[in-house]
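Breakdown of the fold
For reference, the chains in residue letters:
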Amino acid sequence: MTGKSLWFEGIPFPSLDYSPELLREVQESFLVKDEDVLLLTFPKSGTNWLIETVCLIYSKGDPKWVQSEPIWDRSPWVETKVGYELLKEKEGPRFISSHLPIQLFPKSFFKSKAKMIYLIRNPRDVFVSGYFFWRSAKFVKRPQSLEQYFDWFVEGNVIFGSWFDHIRGWMSMRDKENFLILSYEEMKWDTRSTVEKICQFLGKKLEPEELNSVLKNSSFQAMKENNMSNYSLLKGQYFEENGQLLRKGVAGDWKNYFTVAQAETFDQLFQEKMADLPQDLFLWK
Ligand code: PPS
């Protein structure tokens, strides 16, 4: 299991809990319902923070639910074996998480009215976060050095493929009413306004004290201490003891790791790949 990824349609996936047959079935047959809420990201963009926030919005800030049920059961990953089975059984409105690129996403979504939130993060920070995370994972090809992972990242040979392709693919949905784009950076810099934006999108109204409780219980510190959200339950089978989901939780950490040459290579690549998209999508600039 250690040291391997699973390849499907030219994209590396984790080798545990994924299979080509399932990925095809999810795409062709998973039925998205109009009342579902979908949380979509490229890995390491702040997915779990978004899930926690949405769960807390629905529980009106009451932390009982997020402190008693693992985060991957509250909002299962549709592309995993465990998540797919769980979602098929769930009644009523569901929260569904996914890292799938648009071309592999369940086709039924595109004919539904289900709401999707797509969270973007500065790819430089996605890269650093991914390097430290995948290094301790037992179900992917692990990077041996930051330099090696940099090469993989710019080539798009990391788990779930090219960050640039993922963003470009999903940004084609940006004018749809049921599609909300947020960024990790705006969540960091103005968490309250971002939570209000999510509430408005999902048609949820919170009292001021409920909103305060959402903010308190979805904070980096609260999530780091919450065993239902910090992935500590996955240590052993999925991760080494030193693995941690909640590493630093800041914007701009890449500046502590990139060499000048890497920063220039990355800028150039970004320019080449993303110049034709509206630049206000990329709030870290
Ligand atoms: S995963 O494995 O792809 O689902 O990881 P994901 O949840 O997308 O991203 C993990 C990074 O998100 C940070 N994080 C947070 N930042 C701020 N506040 C809160 N509450 C929070 N929760 C998670 C987490 O620390 C990872 O970023 P890094 O830079 O590694 O710290």
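The sections below set out a description of the structure shown in this document. (Residues numbered from 1 in each chain as written. Predicted model: local features only at pLDDT ≥ 70, side-chain atom pairs only at ≥ 80, totals over all residues. Heavy atoms only, no water.)

Considerations on the pairing of strand S3 (residues 37–41)
- Judged by how many residues are buried, S3 sits mostly within the fold: five of five residues are covered.
- Residues of S3 alternate between two faces, with Val37, Leu39 and Thr41 on one and Leu38 and Leu40 on the opposite face, all of them buried.
- Pairing analysis gives five bridges linking S3 to strand S5 (residues 115–120), with the strands arranged parallel. By the bridge assignment for S5, Leu39 is matched with Ile117. (Buried < 20%, exposed > 50% of the residue type's maximum accessible area, 1.4 Å probe, protein only. Helix = DSSP H or I, 4+ residues; strand = E, 2+ residues; numbered from the N terminus. Pairing = 2+ DSSP bridges.)

Points about the site of the ligand
- Around the ligand lies a shell of 23 residues, among which Thr47, Ser129, Tyr184, Lys248 and Gly249 are the nearest.
- At 3.0 Å, a side-chain N or O of Arg121 approaches an oxygen atom of the ligand.
- At 2.9 Å, a side-chain N or O of Arg247 approaches an oxygen atom of the ligand.
- Those elements that place two or more of their residues in the shell around the ligand are helix H2 (47–58), helix H5 (123–135) and helix H11 (220–225).
- Looking at the shell around the ligand element by element, the count peaks at three residues for H2.
- Each residue belonging to the shell around the ligand can be placed in one class, and the counts come to ten nonpolar, nine polar and four charged. (Near = heavy atom within 4 Å. Polar contact = N/O pair within 3.5 Å; in protein donor to acceptor, adjacent residues only side chain to side chain. Nonpolar A, V, L, I, M, F, W, Y, C, P; charged D, E, K, R; others polar.)

Re the sheet that holds S3
- The strand order across the open sheet built from four strands is S4-S3-S5-S6, with neighbouring strands paired in parallel fashion. The two strands at the open ends of the sheet, each matched to only one other strand, are strand S4 (95–98) and strand S6 (179–183). Neighbour-to-neighbour, the strand axes of the sheet open up by a mean angle of 20°, direction not taken into account. (Axes fitted to C-alpha atoms, helices over the stretch in contact; angles between N-to-C directions.)

What to know about the packing of aromatic side chains
- Tallied over the full model, the rule gives 48 aromatic pairs.
- With a centroid separation of 5.7 Å and an interplanar angle of 80°, the aromatic rings of Trp72 and Tyr231 are classed as edge-to-face. Taken together, the positions of Trp72 in helix H3 (residues 71–74) and Tyr231 in the loop between H11 and helix H12 (260–274) put the pair 159 residues apart, joining distant regions of the chain. Accessibility classification places Trp72 together with Tyr231 in one group, the buried group.
- Considering the side-chain rings of Trp163 and Trp284, the 6.4 Å spacing of their centres and the 65° angle between planes classify their relative orientation as edge-to-face. Of this pair, Trp163 sits in helix H7 (residues 163–171) while Trp284 sits in the segment after H12, and the two are 121 residues apart along the sequence. Grouping residues by exposure puts Trp163 and Trp284 together as buried. (Phe/Tyr/Trp six-rings, centres within 6.5 Å; stacked < 30°, edge-to-face > 60°.)

Let's talk about the side chain of Asn226
- Within the fold, Asn226 resides in the loop between H11 and H12.
- The class for Asn226 is buried, based on a relative accessible area of 9%.
- Side-chain polar atoms of Asn226 contact the side chain of Glu52, separated by 3.4 Å.
- Leaving out residues up to four positions away in the same chain, Asn226 has contacts with Glu52, Val66 and Gln67. (Contact = heavy atoms within 4.5 Å.)

A look at the environment of Val66
- Inspection of the secondary structure assignment puts Val66 in the loop between H2 and H3.
- Its relative accessible area of 1% is what places Val66 among the buried residues.
- Between the alpha carbons of Val66 and Glu85 there is a distance of 21 Å; along the sequence they are 19 residues apart.

A closer look at helix H9 (residues 191–202)
- Given a rise of 1.5 Å per residue, twelve residues ought to cover 16 Å, and the 16 Å separating the end C-alpha atoms of H9 matches this to within 8%.
- Within the sequence span of H9, burial applies to Thr194, Val195, Ile198, Cys199, Phe201 and Leu202. The arc that holds every buried residue of H9, seen down its axis, measures 165°, which confines them to one face.
- As for H9, its buried residues are in contact with S3, H2, S5, S6, helix H8 (184–189) and helix H10 (208–217).
- Residue Gly203 follows H9 closely and has a positive phi angle near 70°. (Expected span 1.5 Å × (residues − 1). Arc of directions from axis to C-beta.)

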